[in-house]
Structure formats: C-alpha cells, structure tokens
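# Survey of secondary and tertiary structure
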Amino acid sequence: MPAAKKFDIYKEFAADYITPKAPALVQIKRAAYLAIDGRGEPGGILFTASIGALYNVTFTVKMARKFAGRDYTVSKLEGLWWVEDPNRSFMDEPPQNWQWKLMIRTPDFITEKETAAAIEKLLAKGKPQEVANVRLEELTEGDCVQVLHLGPYDKERPTIASMVTFAKENGLKFHGLHHEIYLSDPRRVAPAKLRTILRHPVK
C-alpha cells in the first residue's frame, strides 16, 4: 500500500505565504497555531526557552499524528510583536519592553486534546516547565499588507515604512499586530541573506 500523502500547509495555503518584493494586499482566513507568549528581547533567556518549548510540543504532536497514520510537515516559526502602548510601534521601544507571541502554524485537524497529551508527556519526561505554556489557538487576520524583507531583523524599519505607505495609498490603515514569518534559519543563514515575510492587518 502506498504511503499516505504528507499534509503540507505551504501547499494547501500557498496564497497566505506569497513573498512579494513590493507590498501587496492579501486576505488571511482563520488559521490554527501552537503558540506561546512572552516579553523581553529576542535571544533572551525567556525567548530562547519559549522557542524550545514550542518546538518540543510541535514535534511531539506531529510524531503522535504520524504514528496514527496522518503525517504533516512542520511549518516555520512565526511571531507577533507589540508593546503595551497600542499607539506605538514595538520598534520604537527598547527590546526589553517588547511583547511577543511565538507561533507555528498547525493543520486544522490537530486538537486541544492532542496538544494537552503532548505537554503531559513532555513534562513527565522532565522537559522544562515552559512547555506547559504552549497552547493551541486560532488567528483570523483578514485583509493584510504583506511583503518579503531581505536582510537582518533590525533593518526592517524601511520595509515596514513601505508597508505603511502602501496602506495609506490604498485608503487603509494598520490595526492589530505586526506579524513575521521566518523563512530562514538565522543559525545557518548570514544576516544579509535572511528572508522574512512581514505582514500587518489593515482596515
């Protein structure tokens, strides 16, 4: 019997992950994510621990599904970024004040019960307590401006400015949270070659 086809979010929802060189308008429908919240600078102790916890839960859920006969490809890391003052950009605040939600998009067929079972299994194995902070949730962003940013994360400001300009030219304004989708692994790719999708809801 041939192996079952592996579910791939990037093939099923290709329109959500376009990488335009200039800002474009996209419509993002409801999506499921495994997610974990935190506050502080990227690369800090909590941030690093949270990434580890998120991947631990993600791969435990994925392997359980694979053994059950329905395999899927693990998606790339994504993140929402903001600060307490909704009228300020997170980039205008010191990194230690940044709030974030780290996310990995998950097929719709993954359940909260499976997520809880994965967390329980990891804690029983002695994995860090942060895995208990991972949860399954949904996000519906609707109309968004989206563009591919090339280069270091700390050089995103001009790219974001181009998104704001595009929105204004089309009679739209930003609302909601800044969203990043990390197509490159910074451990393996030089900063100048990093590829990141930037997305922001508009209305």
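A brief structural summary. Note that the structure is a prediction, hence the values are computed from the model and not measured. (Residues numbered from 1 in each chain as written. Predicted model: local features only at pLDDT ≥ 70, side-chain atom pairs only at ≥ 80, totals over all residues. Heavy atoms only, no water.)

## Concerning the pattern of salt bridges
Applying the stated criterion across every chain, the model contains 16 salt bridges. Where Arg30 meets Asp108, a salt bridge forms, and the shortest distance between an N and an O atom there is 3.5 Å. With a gap of 78 residues between them, Arg30 in the loop between β1 (24–28) and β2 (31–39) and Asp108 in the loop between β4 (99–106) and α3 (112–124) connect regions that are remote in the sequence. On the basis of relative accessible area, Asp108 is assigned to the partly exposed category, the value being 46%. One network of salt bridges, with partners in common, ties together Asp37, Lys101, Arg135 and Glu137. (Salt bridge = Lys/Arg side-chain N within 4 Å of Asp/Glu carboxyl O. Helix = DSSP H or I, 4+ residues; strand = E, 2+ residues; numbered from the N terminus. Buried < 20%, exposed > 50% of the residue type's maximum accessible area, 1.4 Å probe, protein only.)

## Here's the deal with α3
Count 3.6 residues to each turn of an α-helix, and residues three or four apart come out pointing the same way. Compared with an ideal rise of 1.5 Å per residue, which puts 13 residues at 18 Å, α3 spans 18 Å between its outermost C-alpha atoms and is within 8% of the ideal. Where α3 is concerned, the buried positions are Thr115, Ala118, Ile119 and Leu122. Along α3, the residues classed as buried sweep out an arc of 95° about the axis, all on the same side. Counted as exposed and oriented over 90 degrees from the buried face of α3: Lys113, Glu120 and Ala124. Positioned one or two residues after α3, Gly126 has a phi angle of 85°, which is positive. (Expected span 1.5 Å × (residues − 1). Arc of directions from axis to C-beta.)

## Focus on the packing of helix α2 (residues 45–67) against α3
The interhelical angle for the contact between α2 and α3, taken along N-to-C directions, is 115°, at an axis separation of 9 Å. Classed by the angle they form, the pair α2 and α3 counts as roughly perpendicular. The two elements α2 and α3 cross, and the hand of that crossing is right-handed. Each of Asn56, Val57, Thr60, Val61 and Arg65 in α2 lies in contact with α3, whose residues at this interface are Glu114, Thr115, Ala118, Ile119, Lys121 and Leu122. (Axes fitted to C-alpha atoms, helices over the stretch in contact; angles between N-to-C directions. Parallel < 35°, antiparallel > 145°, perpendicular 65-115°, else oblique. Left-handed = near helix turned anticlockwise from the far one by under 90°. Contact = heavy atoms within 4.5 Å.)

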